[in-house]
Amino acid sequence: MLKHRGFPGRLPSTDHQFVIRRASPKGATKLVARERYRDRSPGDRRADAGFLAALIEHFGDEPFERGNLDAGRLSWLLGREVVPVGKLDPTSYEQLLRVDLKRAEASFPELFAPDASETFRWDDEDFDEEDE
């Protein structure tokens, strides 16, 4: 399993995780596109926006490997802002994905505003730099 060095481990000041520490011996958790309903909590919506902001900052619109990215967080964006490259293998850590920037901007316009760089400030302690 590829570990994305320098990727934030979680949303600051929350328990919303963005990465996992080690591969599951039972295999990767299945990715399933989840429906985002209007009544989701503000914390969940902020976690989606923070995760997408981190994906855009790290990968832009280039393909990236799923690796140690959290399946739950990816599932909230899958099929909309995050799309598979090729055929989706929902249980593969090697699955290539990419951010669809047009759909991301339509869904999360606050991430593309001129002052967006101030929206999510990643502290050093929020990054997963563990060497396992």
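Look above for the structure.
Here is what the cut-offs are and how they apply
- Residues numbered from 1 in each chain as written.
- Predicted model: local features only at pLDDT ≥ 70, side-chain atom pairs only at ≥ 80, totals over all residues.
- Heavy atoms only, no water.
- Pairing = 2+ DSSP bridges.
- Helix = DSSP H or I, 4+ residues; strand = E, 2+ residues; numbered from the N terminus.
- Salt bridge = Lys/Arg side-chain N within 4 Å of Asp/Glu carboxyl O.

Novice: What am I meant to see in the sheet that holds strand β2 (residues 82-84) here?
Specialist: Two pairing modes exist for strands in a sheet, parallel and antiparallel, and in both the strands are linked by backbone hydrogen bonds. Pairing is antiparallel across the open sheet formed by 3 strands, whose spatial order is β1-β3-β2. What marks the edges here is a single partner per strand, and that holds for β1 (64-65) and β2. Bridge count between β1 and strand β3 (residues 96-99): 2 bridges; the pairing is antiparallel. When the sheet's bridge partners are listed, Phe 64 is paired in β3 with Leu 97.

Novice: Help me understand the pattern of salt bridges in this model?
Specialist: Where side chains of opposite charge bring their charged atoms close, a pairing between them can arise. The full count for this structure, using the stated rule, is 3 salt bridges. Close ionic contact of Asp 48 with Arg 73 constitutes a salt bridge, the shortest N to O distance being 2.8 Å. In this pair, Asp 48 is assigned in helix α1 (residues 42-59) and Arg 73 in helix α2 (residues 71-77), connecting sequence segments 25 residues apart. Each of Arg 40, Asp 48 and Arg 73 takes part in a single network of salt bridges with overlapping partners.

So far we have only geometry, and geometry alone does not tell us how the molecule works.
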